[in-house]
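Results of the structural survey
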Amino acid sequence: MALKPKEGDEKVAPEDPYSEAISAELHCIFLKQGRRFPFATLVVVWLLVFVALDSASMRVLLTWAGVVSALAIIRQLLCVAYANAGSTPQLLQRRLRIVVTVWVLSGLVVGAGALIWFPVLSLEERIVFSIAYLAAYTGAVVVSLSSPTSSFLFGAGVLGPLAFAWMLSARTPGLIIALILLVMLIYVREAAGDAYDAIRAAIRSKLREEELVRRMEQHGVELETAMRAKSQFLAAASHDLRQPVTSMNLLLSALFASRDAQSVRNVASKFEAPLRALEEILSSLLEVSRLEAGIIEAHRRVCTPDEIIAPVVAEFKPRAAARRLNLRATNDEAELFTDPELVRRILRNLVDNAIKFTDEGSIQIDLRAEGSAMLLSVTDSGRGIPNEIQNRVFDDYFQGENPHRDRAQGLGLGLSIVRRLVGLLGGEAKLTSAVGRGSRFDLRLPNAIAPYHAGGGSGERAARYGTRLSVSNILVVEDDRLVVDAMSTLFRTLGIEARFALDGDEALMVTALGRFIPDVALVDYGLPGAIDGIALIRELRVRLTRCVFVLVTGDTRPEVLRRAADSGIPVLHKPITVERLNEKLEELTAREG
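Cut-off values and rules
Residues numbered from 1 in each chain as written. Predicted model: local features only at pLDDT ≥ 70, side-chain atom pairs only at ≥ 80, totals over all residues. Heavy atoms only, no water. Helix = DSSP H or I, 4+ residues; strand = E, 2+ residues; numbered from the N terminus. Buried < 20%, exposed > 50% of the residue type's maximum accessible area, 1.4 Å probe, protein only. Polar contact = N/O pair within 3.5 Å; in protein donor to acceptor, adjacent residues only side chain to side chain. Contact = heavy atoms within 4.5 Å. Axes fitted to C-alpha atoms, helices over the stretch in contact; angles between N-to-C directions. Parallel < 35°, antiparallel > 145°, perpendicular 65-115°, else oblique. Left-handed = near helix turned anticlockwise from the far one by under 90°. Nonpolar A, V, L, I, M, F, W, Y, C, P; charged D, E, K, R; others polar. Pairing = 2+ DSSP bridges. Right-handed = clockwise from strand over helix to strand, strands pointing away. 1 Å grid on protein atoms, 1.4 Å probe; cavity = no way out; pocket = protein on both sides within 12 Å on 5 of 7 lines; lining within 4 Å. Points joined across faces, edges and corners; volume = space filled by probe spheres on them. Salt bridge = Lys/Arg side-chain N within 4 Å of Asp/Glu carboxyl O. Phe/Tyr/Trp six-rings, centres within 6.5 Å; stacked < 30°, edge-to-face > 60°. Lys NZ or Arg CZ within 6 Å of the ring centre and 35° of its normal. Core = buried A, V, L, I, M, F, W, Y, C linked by side-chain atoms within 4.5 Å. Expected span 1.5 Å × (residues − 1). pLDDT = per-residue confidence, 0-100.

What follows concerns the side chain of Asp 532. Considering the arrangement of structural elements, one finds Asp 532 in the loop between strand 10 (520–524) and helix 15 (533–543). Here Asp 532 falls in the buried class, since its relative accessible area comes to 17%. Here the side chain of Asp 532 touches Ile 534 through a polar contact of 3.2 Å, landing on its backbone nitrogen. Setting aside residues up to four positions removed in sequence, Asp 532 forms contacts with Tyr 525, Leu 527 and Arg 563.

Look at helix 5 (residues 123–143) against helix 6 (residues 148–168): their axes get within 9 Å of each other, and the N-to-C directions meet at 165°. Taken together, the axis directions place helix 5 and helix 6 in an arrangement best described as roughly antiparallel. Both helix 5 and helix 6 take part in a crossing whose hand is left-handed. For the pair helix 5 and helix 6, the contacting residues are Leu 123, Arg 126, Ile 127, Ser 130, Tyr 133, Leu 134, Ala 136, Tyr 137, Ala 140 and Val 141 in the first and Ser 151, Phe 154, Gly 155, Val 158, Leu 159, Leu 162 and Trp 166 in the second. By residue class, the composition of the contact of helix 5 with helix 6 is 13 nonpolar, three polar and one charged.

What follows covers the pairing of strand 11 (residues 548–553). The buried count for strand 11 comes to six of six residues, which makes it a mostly enclosed element. Neither face of strand 11 is exposed, since Val 548, Val 550 and Val 552 on one face and Phe 549, Leu 551 and Thr 553 on the opposite face are all buried. Relative to strand 11, strand 10 runs parallel, the two sharing five bridges. The residue of strand 11 that forms the bridge with Leu 522 is Val 550. Since strand 10 and strand 11 lie parallel, the crossover through helix 15 that links them has a hand, and here it is right-handed. In the sheet, strand 11 pairs with strand 12 (residues 571–573) via three bridges, with the strands oriented parallel.

Relative to strand 9 (residues 497–501), strand 8 (residues 473–477) runs parallel, the two being bridged by five bridges. Bridge pairing in strand 9 places Ile 474 opposite Ala 498. Once the chain exits strand 8 it traverses helix 13 (residues 481–494) before rejoining the sheet at strand 9, and the crossover so formed is right-handed.

To continue, consider empty space enclosed by the protein. If you roll a probe as big as a water molecule over the atoms, it shows you where there is empty space left. Counted according to the given criterion, the structure contains two cavities of 30 Å³ or more. Each pocket or cavity is described by its volume, and for the second largest cavity that value is around 40 Å³. Considering the residues around the second largest cavity, the lining is formed by Val 476, Val 477, Glu 478, Met 487, Leu 522, Val 523, Asp 524 and Val 552. Listed by contribution, the elements that provide at least two residues to the lining of the second largest cavity are strand 8 and strand 10. It is strand 10 that provides the largest number of residues to the lining of the second largest cavity, a total of three residues. Residue composition of the lining of the second largest cavity, grouped by class: six nonpolar, no polar and two charged.

Our focus in this paragraph is the pattern of salt bridges. As enumerated under the stated definition, the model contains 14 salt bridges in all. The closest approach of N and O atoms between Arg 319 and Asp 352, which form a salt bridge, is 2.5 Å. Of this pair, Arg 319 sits in helix 10 (residues 305–322) while Asp 352 sits in helix 11 (residues 340–356); the two residues are 33 residues apart in sequence, bridging distant segments of the chain. Judged by its relative accessible area of 31%, Arg 319 falls in the partly exposed class.

This paragraph deals with the packing of aromatic side chains. Scanning the model with the defined rule gives two aromatic pairs in all. On the basis of an interplanar angle of 10° and a centroid distance of 5.0 Å, the ring pair of Trp 103 and Phe 154 is categorised as stacked. One end of the pair, Trp 103, is in helix 4 (residues 89–117); the other, Phe 154, is in helix 6, and 51 residues separate them in sequence. Phe 154 sits in the buried class, given a relative accessible area of 8%. Ring geometry for Phe 129 against Tyr 133: centres 6.2 Å apart, planes inclined by 55°, an arrangement best described as tilted. Within this pair, Phe 129 and its partner Tyr 133 are both found in helix 5, separated by four residues, close to a single helical turn. The cationic tip of Arg 75 hangs over the ring face of Trp 103; the distance from NZ or CZ to the ring centre is 4.7 Å.

Time to look at the nonpolar core. Soluble globular proteins tend to pack their nonpolar side chains together in the buried interior. Among the nonpolar cores identified, the biggest contains 47 residues, and Trp 64, Tyr 133, Leu 159 and Leu 162 are the most heavily contacted of them. When residues of this core are traced back to their parent elements, those giving at least two are helix 1 (19–34), helix 2 (39–51), helix 3 (58–84), helix 4, helix 5, helix 6 and helix 7 (172–257). Sorting elements by how many residues they give to this core places helix 4 first, with 11 residues. Those residues in contact with Tyr 133 that lie beyond four places of it in its chain are Leu 48, Trp 64, Val 110, Gly 111, Gly 113, Ala 114, Val 158, Leu 159 and Leu 162. Counting residues in each nonpolar core, the second largest holds 39 residues, with Ile 308, Val 312, Ile 385 and Leu 443 among its members.

Right, let's get into helix 5. Its 21 residues give helix 5 an end-to-end C-alpha distance of 30 Å, which sits within 8% of 30 Å, the value for a rise of 1.5 Å per residue. Looking only at helix 5, the buried set comprises Glu 125, Arg 126, Phe 129, Ser 130, Ala 132, Tyr 133, Tyr 137, Ala 140 and Val 141.

Turning our eyes to something else, we now look at the confidence of the model for the chain. Detailed reading of the predicted coordinates is not advisable wherever pLDDT is low. Here the chain averages 78 in pLDDT, while 82% of its residues score no lower than 70. Every residue in residues 402–410 scores below 50 in pLDDT, and together they form 21 contacts with partners more than four places removed in sequence or on other chains. Confidence over residues 449–466 falls short of pLDDT 50; this stretch has 30 contacts with residues more than four positions distant or in other chains.

Let us now look at the sheet that holds strand 6 (residues 428–433). Read across the sheet, five strands follow the order 2-4-5-7-6 without closing on themselves; strand pairing throughout is mixed. For this open sheet the edge positions go to strand 2 (325–331) and strand 6, each flanked by a neighbour on one side alone. Pairs of neighbouring strands in the sheet enclose a mean axial angle of 10°, with direction left out of account. Here strand 4 (residues 361–370) runs beside strand 5 (residues 373–380); their pairing, made up of eight bridges, is antiparallel. The partner of Ile 365 across the bridge, within strand 5, is Val 378. Strands in contact with helix 11 are strand 2, strand 4, strand 5 and strand 7 (439–446); relative to strand 5, the strand with the most contacts, it is inclined by about 15°.

Here's what the structure looks like:
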């Protein structure tokens, strides 16, 4: 690097992200300019020898000219060698100091000539020497605008002794010329500093432009990847959604064609499977959207490994047994401090994935604490995963062995949900697999140290609550008349007083002046008119202070979910069932209690 510049040389704050890159670029420019053969310098030096030949000592002149020429050539050779050799910023800085040192030394040698033979020169010869020195300094400034301090030091070495020599002439013109030389030295230095700032600004603009181009290219690649993934996602989701809908349409036709009550019951019983499949698809899509929106939070508490593993084993044991698979689990007795529900969701997806792709053998679950971490692993003796697709298994909707979207193999969202949940908990996941030798998913999750609390476990909720709701009256704001008709039939059957509104204005009229004070309000998000469900709930909260509000929606956009979460509004996603509604209401009641 060149010597530390003054004033204009270094006006970029240290925190400037481009400072180091700009300095490196300036250093390279300086070295490239120094590679030019110093032809002009040699010509001027030897012309000065010819001018002073009759006045000064031949030996002194030749020695002086030889030293100046040698230093100029050495500097040129160093610049050629250093500019062509790749180097680190630190090495480049040291090399540049060597070049600048040689250059400044040559300036001192040139200036020393004025002190040696200036007194013996005639006035005309002194003027010629002064013009030549000024030309040397001006040329140095021009070729070293990338390092003005270096050219200033060179110029000081050249013009300083010359100005002193003019002052020693003890004449008024000599003093005036000396003053002019010094003023010019300082003025040119300032002008070079301004040019240096302009060069830095130009380099900074160039670097910013290059960075912007790189970012645009990167964003373009990311956008293309995202669009391709979205297209794949929508195509797969469309296919998976059509399957259960097709089944239900066919079953509905069979239901209308049924001739007796027993046939009706037989056909009706078959609706559960496609309905469950449809709910599974929508629930998976919803979970991905909620995770993308960042509204799922980890609620850590004291729990035990058995509290996490036991419900999952109980849930999947019958399914594993039906495929003649041995589902085993081991865990230690350590106390954990984590979110057991999120860890169970991770474990469910891993076990579900293992059962799908294991034809025979066993599935092993291990959970243990290790210092400030908890280690969870699921190992199967299944088909294994080829190396070339292992880095894609956590992608949305990726199914390496299911190109035809067989519903029996799931949706391809399970492992992508695992990836998101592990990231939410601040952990990391690792896959080890070989074709024909099974797979092993190892998860390392943080396990904070917490004080012991007796009875930390919460137990599992019952899977079903029956067809009942602990509600006396309810307000439903919904614009879909099919949904309104279904809810009206349901609430009338359950003996619940219900009022319905098709939009926000009608809901405000129904509840105006205390005409109807519901215990619960189910408000659809996508209402007609200028006000949506979130805004309506905010307004109704003012007049219905004891009412429990639930936003009902099929919209899974992250911005909608975040907006509801920011307003503290609980969300229930369509399709809804009595069981899910009752579970949500009990959850909200327990939270408020």
